[in-house]
Amino acid sequence: MRILGTGSALPVYTLTNERLTEFLDTSDEWIRTRTGIQTRQMLTDETLLELGVKAARLALENAGLEAGDVDYILCSTVQGDTVTPSLACLLQKEIGAACPAVDINGACAGFIYALDLADAYLRAGKAGRMLVVCAEGMSRLVDWTDRSTCVLFGDGAGAVVVDGGEGLFHAHLTSDGNAVPLNLYPNPGNSPFAINPKPMTSLYMDGPEIYRFAVSHSTADLRTVVEEAGLALDEIDHYLLHQANKRILDAVRARLKQPEEKFPSNVYKRGNCSSASIPILLDEINRAGELHKGDKLALSAFGAGLTTGACVLSWTRD
Ligand code: ACO
């Protein structure tokens, strides 16, 4: 599998740490030192669909393709504008494609899960080209009175177009079915038959527990996937990690004994955009000219599930 093009889109509104102090008992100093985050983009009057469509169109344009050139659309989202129909179906119509389209929810690891599914589909010959779009509106899911979660997240969308052409791709995924440290329960509906339904909640996260999980799993996953791909850690040119928190990125980098310049990061200006984090970052470094043909990339993400996903791929574009 190889990546043919990338795209991303962000809401217009920039939320600063200073603005958060107007309604939360927090400070710019606390947020910066604990997370590295300074600003993030927030949905206001935009829809997630609009962001996803923009990212998808840019990825297609970057690949020199049109919507009719893709055979399958995979969207990764924790929750789209509608629970049903899927974000992928609405996006498919909006961009003018006529192929199958479906959502997946791998939480923050969704991009790696989607790439792995795309790889399998392409290898099986069931599609020639696929569009993967990650679009996340975490600002709609957090509790804006909970300072330990709402300061961490941002909204945005990232997309890639992939095909089955020659290119290194190897993934390693995990999932452990543990809802305790990170969860969100939906509207339970009003079934007269439901007994003690779990009430709707906002995103709950046990920060210290997730921090430990993220550092240990991301480090282990990267070691595993790089070795399984037949490479050494030093042979990787770019490590793209889920942009959850600068302290997590620094801790993983230190454990892998790799230089800072191999770990591009946009968490300071984007916050944690869940599964859209890595494809937004990928698009930013692609457009900045930081990727060169033959470069080896290692990606790693972790999130609710608890899921983790890591993959190694080669950059095949000039
Ligand atoms: N401003 C000021 N104080 C705060 C804030 C805030 N925004 N948030 C929490 N605090 C307080 C807490 O109330 C606590 O106060 P107390 O000691 O009086 O009880 C104190 O700061 C320490 O709280 P901790 O949660 O122990 O703080 P910690 O040092 O662990 O940092 C953080 C919290 C940044 C959330 C950290 O645990 C972390 O990075 N965890 C990983 C979370 C993450 O990245 N998740 C994303 C991956 S999963 C996904 O993407 C969905």
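Structure first, text after, so check above.
Residue indices follow the written sequence of each chain, beginning from 1 at its first position. Since the coordinates come from a predicted model, pLDDT governs what is reported: local features require at least 70, and pairs of side-chain atoms require 80 or more to be given and counted, while whole-chain, interface and lining totals use all residues. Water and hydrogen atoms were dropped before computing side-chain values, which therefore reflect all heavy atoms in the structure.

Re the packing of helix H3 (residues 48-63) against helix H4 (residues 87-95)
Part 1 of the argument: The contact between H3 and H4 brings their axes to 10 Å, and the two run at 55°. Classed by the angle they form, the pair H3 and H4 counts as oblique. The handedness of the crossing between H3 and H4 is right-handed. Residues Leu48, Leu49, Gly52, Val53, Ala56, Arg57 and Leu60 of H3 form the contact with H4, whose own contacting residues are Leu87, Leu90, Leu91, Glu94 and Ile95.
Part 2 of the argument: Looking at the contact of H3 with H4 residue by residue, the classes come out as 9 nonpolar, 1 polar and 2 charged. For helices, the fitted axis covers only the stretch in contact; all axes are lines through C-alpha atoms, and the angles between them, taken along N-to-C directions, range from 0 to 180 degrees. Only DSSP runs of H or I with at least four residues qualify as helices, and only runs of E with at least two residues qualify as strands; both kinds are numbered from the N terminus onward. Orientation categories follow fixed angle ranges, with anything under 35 degrees roughly parallel, anything over 145 roughly antiparallel, 65 to 115 roughly perpendicular, and all other angles oblique. Each crossing gets its hand from how the near helix is turned against the far one by less than a right angle, where anticlockwise is left-handed and clockwise is right-handed. Contacts are residue-level and defined by heavy atoms, with any inter-residue pair within 4.5 Å sufficient. Three residue categories are used. Nonpolar comprises Ala, Val, Leu, Ile, Met, Phe, Trp, Tyr, Cys and Pro, charged comprises Asp, Glu, Lys and Arg, and polar comprises the others, including Gly.

A few points about the sheet that holds strand S6 (residues 129-137)
Part 1 of the argument: The sheet built from 5 strands is open, its strands ordered S1-S7-S6-S4-S5 with mixed pairing. Where the open sheet ends on each side, the last strands, each with one partner, are strand S1 (2-9) and strand S5 (101-104). Direction aside, neighbouring strands of the sheet carry axes that sit 20° apart on average.
Part 2 of the argument: Sheet topology places strand S4 (residues 72-76) next to S6; 5 bridges connect them, and they run parallel. Across the sheet, the residue bridging to Cys75 is Val133, located in S6.
Part 3 of the argument: Where helix H10 (residues 277-287) meets the sheet, it contacts S1, S6 and strand S7 (155-163), and its direction lies at approximately 105° from that of S1. For two strands to be treated as a pair, DSSP must find at least two bridges joining them.

Comments concerning helix H5 (residues 110-123)
Part 1 of the argument: In a regular helix each residue adds 1.5 Å, so 14 residues correspond to 20 Å; H5 covers 20 Å between its end C-alpha atoms and thus fits that length.
Part 2 of the argument: For H5, the set of buried residues is Gly110, Phe111, Ile112, Ala114, Leu115, Ala118, Asp119 and Leu122.
Part 3 of the argument: Downstream of H5 by one or two residues, Gly125 has phi in the positive range, about 75°. Helix span, expected: 1.5 Å multiplied by one less than the number of residues in the helix. Each residue is assigned to one of three classes by its accessible area relative to the maximum for its type, calculated with a 1.4 Å probe on protein chains only: buried under 20%, partly exposed between the two thresholds, exposed over 50%.

Points about the packing of aromatic side chains
Part 1 of the argument: Stacked, tilted and edge-to-face are the three classes assigned to paired rings of Phe, Tyr and Trp, where Trp is represented by its six-membered ring and a pair needs centres within 6.5 Å; plane angles under 30 degrees give stacked, over 60 edge-to-face, the rest tilted. Evaluation of the coordinates by the stated rule reveals 3 aromatic pairs.
Part 2 of the argument: Consider the rings of Phe23 and Trp144, whose centres lie 6.3 Å apart with planes at 50°: the pair is tilted. With Phe23 in the loop between helix H1 (17-20) and helix H2 (28-35) and Trp144 in the loop between S6 and helix H6 (147-150), this pair connects stretches of sequence that are 121 residues apart.
Part 3 of the argument: On the basis of relative accessible area, Phe23 is assigned to the partly exposed category, the value being 40%.

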